[in-house]
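Listed below, chain by chain, are the residues.
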Amino acid sequence: MEANRLHQPSTSSVRPSFPAGYQRGGQRLALPFLNRTIMVSVDDVVCLEAEGNYTFLFTRDGKRYLVSKTLKELEQVLDERMFVRIHKSYTINLAYVQSGLFNRDRILQLADGREVPISRRRMKEITDLLFRYMQTVAVS
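What you see is a predicted model; the values in this text were computed from it and never measured.

How each quantity is defined
- Residues numbered from 1 in each chain as written.
- Predicted model: local features only at pLDDT ≥ 70, side-chain atom pairs only at ≥ 80, totals over all residues.
- Heavy atoms only, no water.
- Core = buried A, V, L, I, M, F, W, Y, C linked by side-chain atoms within 4.5 Å.
- Buried < 20%, exposed > 50% of the residue type's maximum accessible area, 1.4 Å probe, protein only.
- Contact = heavy atoms within 4.5 Å.
- Helix = DSSP H or I, 4+ residues; strand = E, 2+ residues; numbered from the N terminus.
- Polar contact = N/O pair within 3.5 Å; in protein donor to acceptor, adjacent residues only side chain to side chain.
- Pairing = 2+ DSSP bridges.
- Axes fitted to C-alpha atoms, helices over the stretch in contact; angles between N-to-C directions.

(A) Representation of the nonpolar core in the model. Membership of the largest hydrophobic core comes to 38 residues, with the highest contact counts inside it found for Leu-31, Leu-48, Leu-57, Ile-86, Ile-92 and Leu-108. Every residue in contact with Ile-92, bar those within four places of it in the chain, is listed here: Val-46, Cys-47, Met-82, Phe-83, Val-84, Ile-86, Val-97, Leu-108, Leu-110 and Val-116.

Take a look at the structure:
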């Protein structure tokens, strides 16, 4: 399903919702880019999309980076409290979840406008996780 390609993300009001107690700015990813290495804050990563043995990393400022690592490799260094695999090809940052359409379409909308599919098999688990996460944000 290529739902995210149907809707162009908007970067005008991309604001994350972190839970109380979350330590921001603690982790950065080193990404090779045009013969140099750039550092990207994990807090700015909206979602990751698998593309074979590569991964597209999308940031809140609308940039897209192609990383020569698999989604599984990248997930090993990301905070599992904030990043969740919702589909075989997508991992999202919970701080950027805007809304979910939990009907037959199983689409999750992120704060940048990107729409990503939720795995049919993990639908209940993801729904419960999102509900618990939203409660921690509402409390803070």
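(B) Up close: the side chain of Thr-91. Tracing the backbone shows Thr-91 in strand β7 (residues 90-93). Looking at Thr-91, its side chain comes within polar contact range of the side chain of Glu-75, at 2.5 Å. When near neighbours in sequence (up to four residues on either side) are disregarded, Thr-91 contacts Cys-47, Leu-48, Leu-71, Glu-75, Phe-83, Val-84 and Arg-85.

(C) The sheet that holds β7, seen in detail. In space, the five strands of this open sheet follow the order β5-β4-β3-β7-β6, with antiparallel pairing throughout. What marks the edges here is a single partner per strand, and that holds for β5 (64-67) and β6 (83-87). On average, each strand axis in the sheet is inclined to that of its neighbour by 20 degrees, with strand direction left out of account. By the bridge criterion, six bridges tie strand β3 (residues 45-51) to strand β4 (residues 54-59) in an arrangement that is antiparallel. Directly across from Glu-51, in β4, lies its bridge partner Tyr-54.

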